[in-house]
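Summary of structural features
Here is how the chains run, residue by residue.
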Amino acid sequence: MVLVPDFSNPYYGEIVRGIESVAREHGYHVLLSETRTEGARKRAYVELLQQQLADGVVCLDPVTIRRLAADGIVSFPWVACSEFLPDADIPYVSIDHRQAAKDAVLYLLSRGHRNIGFVNSDERFIYAQQRRAGYEDALKEAGVDARADYIQSVGGVDYPLGELAARRLLALEPRPTAIFAVSDTLAIGVMKASFRAGLKVPHDVAVVGFDDVPVAEMFEPSITTLAQPMYSLGQRAFSLLLQRIKGESTTSEILPHRMVLRESA
């Protein structure tokens, strides 16, 4: 079973493709479950695992990861993918979110930007906390003071939230000359707000996203982004799960990220 927060997010779709590629090789069928619903359905996931009605689980949802850990379902074969709990005894596959965000902001700094806005998602999640820390690390390393009003935490990664955050940032004095968003979907919202304000990307405001989902290359202008190895994350997560199913020892993995330079910054 694969627990996914949101089927509509293309980031998760590419990870699931990686999971399925390895599952098929080993004769497993993948059952997908969306976890953003509330109440009885979320409790049902825990009951399913407790009754061991699935061979194993790959969990991509940070809220569900916390719930499973809190309910003591640690010995059951399951692994975390992308989002994880650093202090829990749960194997995971992810990237170094803090360093990745730092690299993105250092790139903007290298292009001469000093007023850099930051659009974050939900800071209850580890990845969002780590990416904010990376943003702040890069500014500190460059001797640039972080401004509280340049940081917008919007509670999600949907396009309209990025647009809302950008409207707030672009109303500031001085307005940011660059904006780093923690997902490509948020970055697209940022760019839409910039266009509607009569600004050109990247001439008036540079934009950097995160993930490198397919739409990042197709959007106009194409989005400079911090690429996660989404397909590989899925492949390695299921391989790690197979080890747990077989009762073998497991070691969490951090996969490499990379900057993809396009037209938006």
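To start, this report covers the structure provided alongside it.

Calculation rules
- Residues numbered from 1 in each chain as written.
- Predicted model: local features only at pLDDT ≥ 70, side-chain atom pairs only at ≥ 80, totals over all residues.
- Heavy atoms only, no water.
- Helix = DSSP H or I, 4+ residues; strand = E, 2+ residues; numbered from the N terminus.
- Buried < 20%, exposed > 50% of the residue type's maximum accessible area, 1.4 Å probe, protein only.
- Pairing = 2+ DSSP bridges.
- Core = buried A, V, L, I, M, F, W, Y, C linked by side-chain atoms within 4.5 Å.
- Contact = heavy atoms within 4.5 Å.
- Salt bridge = Lys/Arg side-chain N within 4 Å of Asp/Glu carboxyl O.
- Axes fitted to C-alpha atoms, helices over the stretch in contact; angles between N-to-C directions.
- Phe/Tyr/Trp six-rings, centres within 6.5 Å; stacked < 30°, edge-to-face > 60°.
- Lys NZ or Arg CZ within 6 Å of the ring centre and 35° of its normal.

1. Regarding unusual backbone geometry
- With an omega dihedral of -15°, the bond running from Glu173 to Pro174 counts as a cis peptide bond.
- Among the structural elements, Pro174 can be located in the loop between helix H6 (159-170) and strand S8 (178-181).
- A cis amide bond links Val201 with the next residue in sequence, Pro202, at an omega value of 5°.
- Mapped onto the elements of the fold, Pro202 is located in the loop between helix H7 (184-196) and strand S9 (206-211).
- Residue Ser82 is not a glycine yet carries a positive backbone phi of 75°.
- Tracing the backbone through its elements, the reader meets Ser82 in the loop between strand S4 (78-81) and strand S5 (92-95).
- The phi torsion at Asp212 lies on the positive side, around 70°, for a residue other than glycine.
- When you line up the elements, Asp212 lands in the loop between S9 and helix H8 (214-218).
- Residue Asp212 is classed as buried on the basis of its relative accessible area of 17%.

2. Some thoughts on the pairing of S4
- Burial of the side chains of S4 extends over both faces: Trp78 and Ala80 are buried on one face and Val79 and Cys81 on the other.
- In the sheet, strand S3 (residues 57-59) pairs with S4 via 3 bridges, with the strands oriented parallel. Directly across from Val58, in S4, lies its bridge partner Val79.
- Here S4 pairs with S5 via 2 bridges, running parallel. The partner of Ala80 across the bridge, within S5, is Tyr92.

3. Focus on the nonpolar core
- Formed by 50 residues in total, the largest nonpolar core has its most connected members in Val105, Leu108, Ile116, Val119, Tyr135 and Phe180.
- Broken down by element, the residue count for this core peaks at 7 residues, all from helix H4 (residues 97-110).
- Beyond its immediate sequence surroundings of up to four residues, Val105 is in contact with Ile116, Tyr135, Ala138, Leu139 and Phe180.
- Of all hydrophobic cores here, the second largest spans 23 residues; its members include Ile15, Val58, Phe238 and Leu241.

4. Side note on the pattern of salt bridges
- One pass over the structure, following the stated rule, counts 11 salt bridges.
- Here Glu141 and Lys102 are joined by a salt bridge, their closest N and O atoms 2.8 Å apart. Within this pair, whereas Glu141 is found in helix H5 (residues 126-141), its partner Lys102 is found in helix H4, the two being separated by 39 residues in sequence.
- Assessed through its relative accessible area of 52%, Glu141 is described here as exposed.
- For Lys102, a relative accessible area of 17% translates into the label buried.
- Two residues, Arg262 and Asp212, come together in a salt bridge whose shortest N-O distance is 2.9 Å. In this pair, Arg262 sits in the segment after strand S12 (258-260) while Asp212 sits in the loop between S9 and H8, placing the two residues 50 residues apart along the sequence.

5. Comments concerning the sheet that holds S3
- Taken in spatial order, the 6 strands of this open sheet run S2-S1-S3-S4-S5-S11, and their pairing is parallel. Edge positions in the sheet fall to strand S2 (32-34) and strand S11 (253-255), since each of these pairs with one other strand and no more. Ignoring which end each strand starts from, the neighbouring axes of this sheet average 20° apart.
- Summarising the sheet, S5 and S11 pair through 3 bridges and their orientation is parallel. When the bridges of S11 are listed, Ser94 appears paired with Ile254.
- Contacts from helix H9 (residues 230-245) reach S3, S4, S5 and S11, with the element oriented near 160° to S4.

6. Structural notes on the packing of aromatic side chains
- Under the definition given, this model contains 7 aromatic pairs.
- Ring geometry for Phe118 against Tyr135: centres 4.6 Å apart, planes inclined by 15°, an arrangement best described as stacked. Placement of Phe118 in strand S6 (residues 116-120) and of Tyr135 in helix H5 is noted, with a sequence separation of 17 residues between them. Both residues of the pair, Phe118 and Tyr135, belong to the buried class.
- Three or more aromatic residues link up through ring pairs in this structure, and these residues are Phe118, Tyr135, Phe180 and Phe210.
- Taking NZ or CZ as reference, Arg131 lies 3.7 Å from the ring centre of Phe210, over its face.

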